[in-house]
Amino acid sequence: MMPLFRLFLALAGWSLAALAFAAAEPSQEAPDDMVKRVTAEVMSIVRHDREIKSGNPERIQEVVESKILPYLDMRRATALAVGHHWRQATPQQQQQLIDEFRSLLMHTYAGALSQVGNQKLEFEPLRATPDATDVVVRFQVQPKRSAEPVQVGYHLYKSTDGWKVYDVNVLGVWMIQTYKSSFAAEIGRGGVEGLIRTLEEKNRMLAAR
């Protein structure tokens, strides 16, 4: 895997962790204010959790499953990643795709969560009207003193359950667009069933590591 893509996956993973401790009730906060608040909480917890810092896979998976994935809209993210082929899939296939994509992201975020350290975040002003229901929150990350800041952003929409993330941008590349290209190639080779089999196999390999 290319170094840039590895960086993309890591930053996407822990940047999405910013929503991990969002309130269960729909929030009236602006999306960027909410992200700033919960980012500080999550980063503090991850930095002080000895099991996470030691790379304990069970503990990391527990945090990802309970604190991160529930705040992603996996149906919307999966449908966007599959593209127009989504309409060709049966309801059962759609659910399989959601489940496998969710597992793939879980493995990605599990690996990234243990890498959270003393990165500094600087948020940009939110460019959205007060009544906006679909926004992009942008910030830059300073991984190390000697490294260049990395531009990150994520796409949220306001659902009945509060703000949900469905896409992440790192270094100008959107996560959904990255997966969309590879998913389209798999569907071209083996149809929707072929993509499901590929995702199942990839998840089995990741789980066995």
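Everything quoted here is computed from the prediction, not taken from an experiment. (Residues numbered from 1 in each chain as written. Predicted model: local features only at pLDDT ≥ 70, side-chain atom pairs only at ≥ 80, totals over all residues. Heavy atoms only, no water.)

1. Quick look at the sheet that holds strand S3 (residues 150-159)
Read across the sheet, five strands follow the order S1-S2-S3-S4-S5 without closing on themselves; strand pairing throughout is antiparallel. Two strands bound the open sheet, and with one partner strand each, they are strand S1 (120-123) and strand S5 (173-174). Pairing of S1 with strand S2 (residues 134-142) involves four bridges; the strand directions are antiparallel. By the bridge assignment for S2, Phe 123 is matched with Phe 139. (Pairing = 2+ DSSP bridges. Helix = DSSP H or I, 4+ residues; strand = E, 2+ residues; numbered from the N terminus.)

2. Focus: the environment of Val 141
On the secondary structure map, Val 141 appears in strand S2. Judged by its relative accessible area of 0%, Val 141 falls in the buried class. With 10 residues separating them along the chain, Val 141 and Gln 151 place their C-alpha atoms 6.5 Å apart. (Buried < 20%, exposed > 50% of the residue type's maximum accessible area, 1.4 Å probe, protein only.)

3. Looking at unusual backbone geometry
Most peptide bonds take the trans form, and the phi angle of most residues other than glycine is negative. The phi dihedral of Leu 171 is positive, around 55°, even though this residue is not glycine. Within the fold, Leu 171 resides in the loop between strand S4 (162-170) and S5. On the basis of relative accessibility, which here comes to 38%, the residue Leu 171 falls in the partly exposed class.

4. Section: helix H7 (residues 175-208)
Between its terminal C-alpha atoms H7 stretches only 24 Å, short of the 50 Å expected from 34 residues at 1.5 Å a residue. Of all bends in H7, the biggest is about 120°, found at Gly 190. (Expected span 1.5 Å × (residues − 1). Bend = angle between axes of the 7 residues up to and from the residue.)

5. Looking at the packing of aromatic side chains
As enumerated under the stated definition, the model contains six aromatic pairs in all. Taken together, a centroid distance of 6.0 Å and an interplanar angle of 65° make the contact between Tyr 157 and Tyr 166 edge-to-face. Note on accessibility: Tyr 157 and Tyr 166 belong to one class, buried. With a centroid separation of 5.7 Å and an interplanar angle of 40°, the aromatic rings of Tyr 179 and Phe 183 are classed as tilted. Note that Tyr 179 and Phe 183 are positioned in helix H7 at a spacing of four residues, about one turn of the helix. One exposure class covers both Tyr 179 and Phe 183, and it is buried. In this structure an aromatic cluster arises from ring pairing among Phe 101, Tyr 179 and Phe 183. For Arg 76, the ring lying beneath its charged end belongs to Tyr 157, and the centroid distance is 3.7 Å. Geometry around Tyr 166 places Arg 76 over its ring, the cationic atom sitting 5.0 Å from the centre. (Phe/Tyr/Trp six-rings, centres within 6.5 Å; stacked < 30°, edge-to-face > 60°. Lys NZ or Arg CZ within 6 Å of the ring centre and 35° of its normal.)

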